[in-house]
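Observations on the model geometry
Each chain is listed here by its residues.
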Amino acid sequence: MAPGSSEDEPLDLSLIDRTNVYSRAHFPVGLPTPPSERKRVGQRDLDERDKKRIKLQWPSKESRADRAEDSDSDTERTVTGYRQKACRSSIYSLRSRAMLGGLSRVSEDVHLPTRSILQSFVSSNRSDVFKCHSEHERTFINIPYACSYSNAAKRGGSPLLAVATEQGTVDILNTSKRDEWDVEPQRVTLQPHANGIFDVRWSPSDTLLATASGDHSIRITTLSSSVSAEQRTLHTLRGHEGTVKSIAWDPAHDSAVLCSGGRDGRICLWDLRAGERSAAGELAPVLSIPKAHDLEGKRARPKAPRRKVVAGVPVQGITHLLYTDTHPYGIVSSCSSDGVLNLWDVRLPSNNRRTRSKKTANQQPKPVVTSNDATTYAGSRRGRGITTLALGSGPTAALVFALGIDSRVHTYALPSLTPLSGHTSCASLRGDSDLVEDPRAFWDPRMKTTSFYVRMATSPCGRWLATGGVADGKAYLYDISAAGRARDIGRAGWGCGVELKGQTGEVGAVDWADGMLATCADDGTVRVWRPDVEVSRRCRDDPDEMRWDWAWSTDA
C-alpha cells in the first residue's frame, strides 16, 4: 500500500498497473512540454542507475495536493518520475513507442476521427446549385439519374462533373468554388441516347465517356472539342437484352476495355480494339456471362396436362460492377436479390464460337470467389439486394462497401470477399443482450435506401462515405476510416451518419471529388457540398437567418 494512505482510501485508478508498461492512448490531450524545458538526465546517470525493476510509490491525497500547489507548470505533472496518461500521447511518446515497437504499432494505436469535418459541410443556395434543363418543351424538370466526377477531379484537378439524366442527356459541369453572384461556368451538353441513362463513367485518361442506357445499349462518346456534335459517339455496344445498369472501365487498359452489367442478369466484357462489329457497325462483347448471379435458377416450363405455366425464378439483375486492385483481372459484381458478391476472372472462360472447344461449348462460367450474404443479419433468412458497390482506398484499402436496400452499408474484405458485417451482433461484443444491431454496418434510423436508384460513393481519401435517400431530399455521410479495425467498434458515434438536407424528393446519385461532394435529387438539381467550419458555425448559431443562403449538415 502506498505510504501515507489509509486502508479505506481508494487508489488513483489511472496509475494502477502502469509499472514499466506503455499503455495505449486513443487521443492526444493537451500540448506536450517542449524538450528544452524538461529536466534532462545525464548519460552517466543512465548508465550507473539501478537496472532492477522499481515499484512506484503512490503518494497520498495530502502529498499530491501539496505537490500540485508547488508545481510551476500545469501541463508537466510527474509522479515519482512517471508522467500521467494525458501526456503519454504526445509526439515524443509516439517517437519512443516507435523505437520500441516499430512504426506499425503507432499506426495501430492512434486513430483520429474525422466526424467533425463531416459536420462542417455546407452548400450555398446561390453558387452551389445546378439545374438540369429539360430538352422537351412540355416538361420543366429533367431528373438526374447518375453522376461521376472525372479522375483528375478526384486527384485535385479541375472538378468536372458528368450528370446523366432521364432524357438521355449528359451535362458536363464545372463545380469549382465561386462567389455568390458569379455567373455559372459554361457547361457542355451531350445527347448520346434517346432514353434514360443509368450510369456514366469517365475513362482512366478522362478522354472518353461511357454511358449505360435503358435502350439496352452502351455508347462511347469523345470529349474532344475538335469533333462535331454529330460525330462524338465513337462506338455503340449491344449485347444486353435489358436495361444496362452499370459500367466500369478497366484501369489497366486505358480507353480500350470495359465491362457492363444489365437487368437481364448478364455481364459483358468489351474490347474497343478487337470487338466484332455487326452490319450496323455496332460492337459485340468479347465475353458474355449470362445469369451471372442466377446459376442455379430454373426457367419457367409448361405443366401437363393443363399446360399451365409455372412461374420460374425471377432474373437476378446486375446492379453494380467494379475492378479491384487485389486481382489484376478480377471484376466484383452485385445483384438485385441478395447480398452475395461474385469475383470473376475475365480471362476465362471464352465464349467465342471460333475459339472455344466442344467440351467448353455448353459450360457455364463460374465465379472465382462467391461471398456469403451480409444482408441476412440477426437470423433473417431473406436476403436484400445491393444497389451500389464502392472500393476503399487509403485507410480502407482492400475493403468493398455495399449499399443494400435494407438501408445499411455492409463491408466486405478483399480478396476473399468475406463479409465483415451481417454475422456478428453488438450483444456479443458489448455484453448487452438488448442490442441486436449490426456493429460493422453503417446505418442510421432515418436513412432509407429501399430504391435501386439510390447510390453510394467513397471519397478519394478513403475516409468518408456518402449515400442518398429515398425521401425528404436527404443524404448521409459516414466516417469509415476505422471500418477494418474491430477494436474501434462500440466507440461513441460509431456507424452514425451526418445528415445533409438541401433538396427535395429522392436523392439518388452521389459522387466525390477532392474536397467536395455532389448530390443529385428528383427536383432536377445537383448540389455541391464543401467543408467550411466558419460558415457551419454561423449556420448553427443563427439558423433562421442563414437558411436563406445556405444548407448545412446536421447530426442524423
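Residues numbered from 1 in each chain as written. Predicted model: local features only at pLDDT ≥ 70, side-chain atom pairs only at ≥ 80, totals over all residues. Heavy atoms only, no water.

Further remarks concern the sheet that holds strand β23 (residues 386-391). The strand order β23-β24-β25-β26 describes an open sheet built from four strands, whose pairing is antiparallel. Unpaired on one side and paired on the other, β23 and β26 (418-419) mark the two borders of the sheet. Alignment of strand β25 (residues 409-413) against β26, held across two bridges, turns out to be antiparallel. Bridge pairing links Ala-413 to Thr-418 in β26. (Pairing = 2+ DSSP bridges. Helix = DSSP H or I, 4+ residues; strand = E, 2+ residues; numbered from the N terminus.)

Moving on, we come to the side chain of Ser-246. In this structure, Ser-246 sits in strand β13 (residues 244-249). A relative accessible area of 0% means that Ser-246 is categorised as buried. Here the side chain of Ser-246 touches Leu-321 through a polar contact of 3.1 Å, landing on its backbone nitrogen. If we ignore the near neighbours within four places in the chain, the residues touching Ser-246 are Asp-199, Cys-259, Ser-260, Gly-261, Thr-319, His-320 and Leu-321. (Buried < 20%, exposed > 50% of the residue type's maximum accessible area, 1.4 Å probe, protein only. Polar contact = N/O pair within 3.5 Å; in protein donor to acceptor, adjacent residues only side chain to side chain. Contact = heavy atoms within 4.5 Å.)

This paragraph deals with the nonpolar core. Residues Leu-118, Phe-121, Leu-477, Leu-500, Trp-512, Leu-517 and Trp-529 are the most contacted members of the largest nonpolar core, which totals 16 residues. Of all the elements in the fold, those that place two or more residues in this core are β28 (464-467), β29 (474-479), β30 (498-501), β31 (507-513) and β32 (516-521). At three residues, the largest contribution of residues to this core is made by β31. In this structure Leu-517 touches Phe-121, Ala-466, Leu-477, Leu-500, Val-510, Asp-511, Trp-512, Arg-527, Val-528 and Trp-529, once residues within four positions along its chain are discounted. (Core = buried A, V, L, I, M, F, W, Y, C linked by side-chain atoms within 4.5 Å.)

Before going further, it helps to examine helix α8 (residues 533-541). Inspection of α8 places Val-535, Ser-536 and Cys-539 among the buried residues, and these make up the whole buried set. Burial along α8 is one-sided: seen end-on, the buried residues are contained in an arc of 100°. Of the residues in α8, the exposed ones pointing more than 90 degrees away from the buried face are Val-533 and Asp-541. (Arc of directions from axis to C-beta.)

Before going further, it helps to examine unusual backbone geometry. As a rule of thumb, non-glycine residues mostly have phi less than zero, and peptide bonds are mostly trans rather than cis. The omega torsion across Leu-414 and Pro-415 is 5°, close enough to zero to call that bond cis. Note that Pro-415 resides in the loop between β25 and β26. Look at Ser-255: it is not a glycine, yet its phi comes out positive at around 60°. The residue Ser-255 is located in the loop between β13 and β14 (257-262) in this model. Phi at Ser-407 is positive, roughly 65°, even though this residue is not glycine. Summarising the element assignment, Ser-407 is placed in the loop between β24 (399-404) and β25.

On inspection of all chains with the given rule, the structure shows 16 salt bridges. The salt bridge partner of Arg-530 is Asp-128, with a shortest N-O separation of 2.6 Å. Placement of Arg-530 in strand β33 (residues 525-531) and of Asp-128 in the loop between β3 (121-124) and β4 (129-131) is noted, with a sequence separation of 402 residues between them. The residues Arg-530 and Asp-128 share a single accessibility class, namely buried. Salt-bridge contacts for Lys-154 lead to Asp-511; the nearest nitrogen and oxygen are separated by 3.1 Å. With Lys-154 in helix α6 (residues 151-154) and Asp-511 in strand β31, this residue pair connects regions lying 357 residues apart in the sequence. Under the relative-accessibility criterion, Lys-154 is labelled partly exposed at 27%. Residue Asp-511 is classed as buried on the basis of its relative accessible area of 6%. Taken together, the shared-partner salt bridges in this structure form one network comprising Arg-126, Glu-180 and Asp-549. (Salt bridge = Lys/Arg side-chain N within 4 Å of Asp/Glu carboxyl O.)

This brings us to the pairing of strand β15 (residues 267-271). Most of β15 is tucked away: five of the five residues are buried. With burial as the criterion, each face of β15 is covered, one bearing Ile-267, Leu-269 and Asp-271 and the other bearing Cys-268 and Trp-270. Between the antiparallel neighbours β14 and β15 lie four residues, among them Gly-265 with a positive phi of about 80°. Alignment of β15 against strand β16 (residues 287-289), held across three bridges, turns out to be antiparallel. Across the sheet, the residue bridging to Ile-267 is Ile-289, located in β16.

What follows is about the layout of surface pockets. Rolling a probe over the atoms, with the probe sized like a water molecule, indicates the empty space that remains. Here the second largest pocket is characterised by a volume of approximately 1100 Å³. Tallied by class, residues from the lining of the second largest pocket come to 21 nonpolar, ten polar and seven charged. (1 Å grid on protein atoms, 1.4 Å probe; cavity = no way out; pocket = protein on both sides within 12 Å on 5 of 7 lines; lining within 4 Å. Points joined across faces, edges and corners; volume = space filled by probe spheres on them. Nonpolar A, V, L, I, M, F, W, Y, C, P; charged D, E, K, R; others polar.)

Glancing now at the pairing of β25. β25 sits mainly inside the fold: five of its five residues count as buried. Covered by surrounding structure in β25 are Val-409, Thr-411 and Ala-413 together with His-410 and Tyr-412, the residues of both alternating faces. Of the pairings in the sheet, the one linking β24 to β25 comprises five bridges and is antiparallel in character. Bridge assignment links Phe-401 to a residue of β25, and that residue is Thr-411.

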